Amino acid sequence: MISILALFVFGWFFFKSVGLAFRVAWCAAKAVAAVLFVVALPLMVVGLLIGGIIKLALPLLRRAVVKPGSAAMEFVKAAAEDAYDRLIYPSLEREMRAALTDKASEGAIKMFALNLKPLLMQPPVKGHVTMGLDPGYAHGCKVAVIDATGKVLDTTVVYPTYGERQKNEAITKLAQLVKKHGVEHIAIGNGTASRETEQMTVELIHRVGGGLSYMIVSEAGASVYSASKLAAEEFPQFDVNLRSAVSIARRLQDPLAELVKIDPKAIGVGQYQHDMPPKRLDETLGGVVEDCVNAVGVDVNTASASLLGYVSGLNGTTARNIVAYREANGAFPDRKRLLKVPKLGPKAYEQCAGFLRVPESKNVLDNTGVHPESYGAAEELLALCGFGDEDVRRGAVSQLMQKVQAMGEAAVAEKLGVGVPTLRDVVKELMKPGRDLRSDLPAPILRTDVLEIKDLKPGMVLTGTVRNVIDFGVFVDIGVHQDGLVHISQVCSKFIKHPSEIVAVGDVVKVAVLDVDEKKKRISLSMKQVPKDA
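Residues numbered from 1 in each chain as written. Predicted model: local features only at pLDDT ≥ 70, side-chain atom pairs only at ≥ 80, totals over all residues. Heavy atoms only, no water.

Notes on the confidence of the model for the chain
Phase 1 of the analysis: Residues with a pLDDT of 70 or more make up 87% of the chain, whose mean pLDDT is 82.
Phase 2 of the analysis: Low pLDDT, under 50, characterises residues 1-18; the predicted model gives this stretch one contact beyond four residues in sequence or across chains.
Phase 3 of the analysis: Taken as a whole, residues 24-48 scores under 50 in pLDDT and shows 33 contacts with residues more than four places along the chain or in a different chain. (pLDDT = per-residue confidence, 0-100. Contact = heavy atoms within 4.5 Å.)

Examining the sheet that holds strand 9 (residues 473-477)
Phase 1 of the analysis: The five strands lie next to each other as 8-9-10-12-11, forming a closed barrel whose pairing is mixed. Between one strand axis and the next, the sheet turns by 50° as a mean value, whatever way the strands run.
Phase 2 of the analysis: With four bridges connecting them, strand 9 and strand 10 (residues 484-487) associate as antiparallel partners. When the sheet's bridge partners are listed, valine 474 is paired in strand 10 with valine 486. (Pairing = 2+ DSSP bridges. Helix = DSSP H or I, 4+ residues; strand = E, 2+ residues; numbered from the N terminus. Axes fitted to C-alpha atoms, helices over the stretch in contact; angles between N-to-C directions.)

Observations concerning the nonpolar core
Across soluble globular proteins, nonpolar side chains have a tendency to be buried as a group.
Phase 1 of the analysis: Residues Leu308, Ile322 and Ile478 are the most contacted members of the largest nonpolar core, which totals 74 residues.
Phase 2 of the analysis: When near neighbours in sequence (up to four residues on either side) are disregarded, leucine 308 contacts Val298, Ala303, Leu314, Ala319, Ile322, Val323 and Leu356.
Phase 3 of the analysis: If you look at the next biggest cluster of nonpolar residues, it comprises 23 residues, including Cys141, Val143, Val183 and Ile216. (Core = buried A, V, L, I, M, F, W, Y, C linked by side-chain atoms within 4.5 Å. Buried < 20%, exposed > 50% of the residue type's maximum accessible area, 1.4 Å probe, protein only.)

Thoughts on the sheet that holds strand 1 (residues 130-134)
By definition, the strands of a sheet pair up through backbone hydrogen bonds, in either a parallel or an antiparallel sense.
Phase 1 of the analysis: Strand order in the open sheet formed by five strands is 3-2-1-4-5, with mixed pairing between adjacent strands. Looking at strand neighbours, the two that pair on one side only are strand 3 (152-158) and strand 5 (213-217), the edges of this open sheet. Sheet twist, expressed as the mean angle between neighbouring strand axes with direction ignored, is 20°.
Phase 2 of the analysis: The sheet contact formed by strand 1 and strand 4 (residues 185-189) spans four bridges and is parallel. Note on strand 4: the bridge partner recorded for glycine 132 is alanine 187.
Phase 3 of the analysis: Sitting on the sheet, helix 4 (residues 164-181) touches strand 1, strand 2 (141-146) and strand 3, and the angle it makes with strand 3 is about 175°.
Phase 4 of the analysis: Sheet strands in contact with helix 5 (residues 194-207) are strand 1, strand 2, strand 4 and strand 5, and its direction is about 165° off that of strand 4.

Re the pattern of salt bridges
Phase 1 of the analysis: Overall, the coordinates contain 15 salt bridges when judged by the stated rule.
Phase 2 of the analysis: Lysine 126 is the partner of aspartate 254 in a salt bridge, and the nearest nitrogen-oxygen pair spans 3.8 Å. Here aspartate 254 is found in the loop between helix 8 (240-253) and helix 9 (255-259), whereas its partner lysine 126 is found in the loop between helix 3 (73-120) and strand 1, with 128 residues between them in sequence.
Phase 3 of the analysis: Look at aspartate 254 and you get buried, because its relative accessible area is 17%.
Phase 4 of the analysis: For lysine 126, a relative accessible area of 46% puts it in the partly exposed group.
Phase 5 of the analysis: For arginine 393, the salt bridge goes to glutamate 390, with nearest N and O atoms at 3.4 Å. In this pair, arginine 393 and glutamate 390 are both assigned in helix 15 (residues 389-394), three residues apart and thus about one turn of the helix distant.
Phase 6 of the analysis: For arginine 393, a relative accessible area of 39% translates into the label partly exposed. (Salt bridge = Lys/Arg side-chain N within 4 Å of Asp/Glu carboxyl O.)

Looking at the side chain of asparagine 367
Phase 1 of the analysis: For asparagine 367, the location among the structural elements is in the loop between strand 7 (356-357) and helix 14 (375-384).
Phase 2 of the analysis: By relative accessible area, asparagine 367 is classed as buried at 19%.
Phase 3 of the analysis: Those residues in contact with asparagine 367, other than ones at most four positions away along the chain, are Arg357, Val358, Pro359, Pro433 and Gly434.

Some thoughts on the layout of surface pockets
Any empty space left between atoms is shown by rolling a water-sized probe over those atoms.
Phase 1 of the analysis: There is about 1500 Å³ of room inside the largest pocket.
Phase 2 of the analysis: Counting residues per element, the ones that place at least two in the lining of the largest pocket are helix 7 (229-234), helix 8, helix 9, helix 10 (278-296), strand 6 (298-299), helix 11 (305-308) and helix 12 (316-329).
Phase 3 of the analysis: Ranked by the residues each element gives to the lining of the largest pocket, the list is headed by helix 12, at six residues.
Phase 4 of the analysis: Residues that form the lining of the largest pocket fall into these classes: 14 nonpolar, 14 polar and 16 charged.
Phase 5 of the analysis: Around the second largest pocket sit 36 residues that line it, and Asn190, Ile216, Val217, Ser218 and Arg467 are the ones nearest its centre.
Phase 6 of the analysis: Among the elements of the structure, helix 5, strand 5, helix 8, helix 9, strand 8 (461-470) and strand 9 are those that each provide at least two residues to the lining of the second largest pocket.
Phase 7 of the analysis: For the lining of the second largest pocket, the element with the highest residue contribution is strand 8, accounting for four residues. (1 Å grid on protein atoms, 1.4 Å probe; cavity = no way out; pocket = protein on both sides within 12 Å on 5 of 7 lines; lining within 4 Å. Points joined across faces, edges and corners; volume = space filled by probe spheres on them. Nonpolar A, V, L, I, M, F, W, Y, C, P; charged D, E, K, R; others polar.)

Put into structure tokens, the structure is as follows:
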């Protein structure tokens, strides 16, 4: 009888303790949540989350659930500490780490997208025969000459880093190519041995008597492209190394058309892009590339399938079908012929037509951003203002906007049956048929002489190109092998939260040299200390 009574008392105490433990855990969770909101969140921002919780959470938790003098005080105290150490704290730590990682990832992805757009929108250097040089030591400097349309004219390999004799032989061979094909510009990759290749290029310019200029081009992603299936299909007859030289030359001619062939993650204008969630990064960067391609427009008779694939309404299959149809039937004579491309139906045509240009078309509107649905309104507008198609083709409609404004935009739009925004877009396109938005941006800097880091002195004012914009500053290419850093405090005289408020990748800026460390190859620059008359 006594043993049964003892068992009953023990069971009652056991279940009471279990219930108490659950209440302790619940109170502990509420206490820690309060601590997290009031104390831990600010500490998290400044990097003191872990230490702050350990120091403050446990005392607060004990005060909330432990009753001094209680018979079960030690038991409850032990239960509270165990619940915190084993369950609550690890869970909070994982949640905080995940939240911080997500926030950092979004910031890095946003920064990548911010830098990618101006890089893609860099002004092209079209209409010139260009030589691409892919520098290297062991395998030599790969050379490719392309014509004004990007077609490969010649390729070779020279070895300027092997010795003075080989360097002179390289200059002689390159000079022959320059004279043979009428090369006007040289694009040099900024990778290994680019400094030696640049010095050789300057000697080449002097030997041929001028008439040449060069530019250092970022070769980020060139090796990825040259080894890709796309490059193998485009240049099956060339070695992998020579393909990268072709890519470098084309990057000077038309950065957008060439960079779309490369995975945006390989372009290298962001921070920690390889640690970002791949799906989210691909979505964001793909959207940026698509926006740039559609804003510029695409020549349907010269564009590659990779470039066409980013046009709204088209996908990889329809883009390849357009190229295949073009190769089988010749150039497209007008936009309507696109409807004969397999798997490109009326809906897809409706979406993509306004972004595809046909310069060879008899209808001048086919070489503008005016959508076929608005052709009637555009023709009626020209007739209303006393102009014709031939005036548009000759660029003799500079007074079109003034005439529309004189008649009243709202009245003209109502008469044409379109909205005022559409009317403005049509007028803008008619005034500059076949216009390229990128041509309005500052032209890239082409150089004829070399500058070394030892030539830099504090106080010098130089013109450079912005290569990367990050949280703490701006990297600027000033013509030496090493980019200089403009710290965020030296970007401008006013307070800014981020350098992207002032500059973007590809901008041409003037900078003053603050300090040069030759041993560490560090160059400190300033934009705000440039004299106003410089």
